[in-house]
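Now for the letters of each chain:
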Amino acid sequence: MPVGRWLYLPHIDQSHYFTYVGDFDGANATGNGIASNKYESHPNGAIITGEFKDNLPINGVCIWHKEDGTPERKYVGSFENGALSGEGEIFKYESSDTTNIIRIYKGGFKDGLYEGHGVLHLSKGDTYEGAFVQSKYHGKGGLKSKDGYVYDEMVIEVSIEVTDGGKGILNTEISYSE
């Protein structure tokens, strides 16, 4: 079984390609490498630098790009089955100046969604720290406004009712103490 560094350029179809440069074990990307891909849901592509096992990332940095090729978002953390899973951080580039980035979220992920405990920095300057289920606030948490006002011990319960035709109604119940 060959082991070494190789360039792998499969062409899956016209809407999806994958390039990998790095360590291989046999026919599998295993070890350190850099992967880039382009696919329908991210037509501008993403680059993952880090550790791979059996052709999938397990730990590293992923950068998604805008249409003009400049970085849009950055993830630093772990992966499971190719999706953001485990502990990680998401950053957003404020401009084409790649040194100007802000942290959006730090905490747990599962299948690419916020899951478990995390800290979310909202666009208006507020910060939520607490529990998430499938990227929704759920359970105990706290909200701090950009003006310094704090809502501690918030309890948020989220449920979705599916109606005829597959549409849903999002129900949110919030209670808190000041």
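As a reminder, the structure under discussion sits directly above these lines.
It should be emphasised that the depicted structure is a prediction, and the values quoted were computed from it without experimental measurement. (Residues numbered from 1 in each chain as written. Predicted model: local features only at pLDDT ≥ 70, side-chain atom pairs only at ≥ 80, totals over all residues. Heavy atoms only, no water.)

A word on the overall build of the protein chain. Counting secondary structure elements, the protein chain contains 0 helices and 14 strands. For the protein chain, the succession of helices and strands along the chain, N to C, is β-β-β-β-β-β-β-β-β-β-β-β-β-β. Burial status across the protein chain gives 30% buried among its 178 residues. When contacts within the protein chain are restricted to residue pairs at least 6 apart in sequence, those whose partners lie at least 24 apart make up 12%. Element-wise, carbon and sulfur atoms account for 51% of the exposed surface of the protein chain, whose accessible area totals about 11,200 Å². (Helix = DSSP H or I, 4+ residues; strand = E, 2+ residues; numbered from the N terminus. Buried < 20%, exposed > 50% of the residue type's maximum accessible area, 1.4 Å probe, protein only. Contact = heavy atoms within 4.5 Å. Areas by Shrake-Rupley, 256 points an atom, 1.4 Å probe, with all protein chains shown as cover.)

Moving on: the packing of aromatic side chains. Between two aromatic rings, the relevant description is the distance of the centres plus the angle of the planes. The final tally for this structure, using the stated rule, is 12 aromatic pairs. When the ring of Tyr-105 is compared with that of Tyr-114, the centres are 3.8 Å apart and the planes differ by 15 degrees; the resulting orientation is stacked. With respect to burial, Tyr-105 and Tyr-114 carry one shared label: buried. With 5.6 Å between their ring centres and 75 degrees between their planes, Tyr-114 and Phe-132 make a pair best called edge-to-face. Here the residue Tyr-114 occupies a position in strand 10 (residues 113-121), and Phe-132 occupies one in strand 11 (residues 127-133), the gap between them amounting to 18 residues. The residues Tyr-114 and Phe-132 share a single accessibility class, namely buried. Taken together, the ring pairs in this structure connect Tyr-75, Phe-79, Tyr-105, Phe-109, Tyr-114, Tyr-128, Phe-132 and Tyr-137 into an aromatic cluster. (Phe/Tyr/Trp six-rings, centres within 6.5 Å; stacked < 30°, edge-to-face > 60°.)

With that out of the way, let us pick up the environment of Ile-58. Structurally, the position occupied by Ile-58 is in strand 6 (residues 56-65). Spatially, the C-alpha atoms of Ile-58 and Asn-81 are 7.9 Å apart, while their sequence positions differ by 23 residues. Those residues in contact with Ile-58 that lie beyond four places of it in its chain are Glu-51, Phe-52, Lys-53, Ser-78 and Phe-79.

Let's shift gears to the environment of Lys-110. Assignment of secondary structure puts Lys-110 in strand 9 (residues 101-110). In this structure Lys-110 comes out as partly exposed when scored by relative accessible area, which is 47%. Residues Lys-110 and Glu-80 lie 30 residues apart in sequence; the distance between their C-alpha atoms is 8.2 Å.

Time to look at the side chain of Ser-85. Within the secondary structure layout, Ser-85 lies in strand 8 (residues 83-93). Among all residues touching Ser-85, those that are not within four sequence positions of it are Tyr-75, Ser-78, Phe-79, Glu-80, Phe-109, Lys-110 and Asp-111.

Attention shifts here to unusual backbone geometry. Of note, Asp-54 is a non-glycine position whose phi angle comes to about 50 degrees, a positive value. Of note, the phi angle at Gln-134 is positive, near 50 degrees, even though the residue is not glycine. For Gln-134, the location among the structural elements is in the loop between strand 11 and strand 12 (136-144). Its relative accessible area of 52% is what places Gln-134 among the exposed residues.

A word on the nonpolar core. Core analysis: the largest hydrophobic core is formed by 21 residues, its most contacted members being Tyr-75, Ile-90 and Tyr-105. Other than its neighbours up to four places away in sequence, Ile-90 contacts Trp-64, Lys-74, Tyr-75, Leu-84, Ile-102, Arg-103, Ile-104, Tyr-105 and Phe-109. (Core = buried A, V, L, I, M, F, W, Y, C linked by side-chain atoms within 4.5 Å.)

Bringing the pattern of salt bridges into the picture now. Applying the stated criterion to the full structure yields 1 salt bridge. Ionic pairing is found between Glu-89 and Arg-103, a salt bridge with its closest N-O pair at 2.6 Å. Of this pair, Glu-89 sits in strand 8 while Arg-103 sits in strand 9; the two residues are 14 residues apart in sequence, bridging distant segments of the chain. (Salt bridge = Lys/Arg side-chain N within 4 Å of Asp/Glu carboxyl O.)

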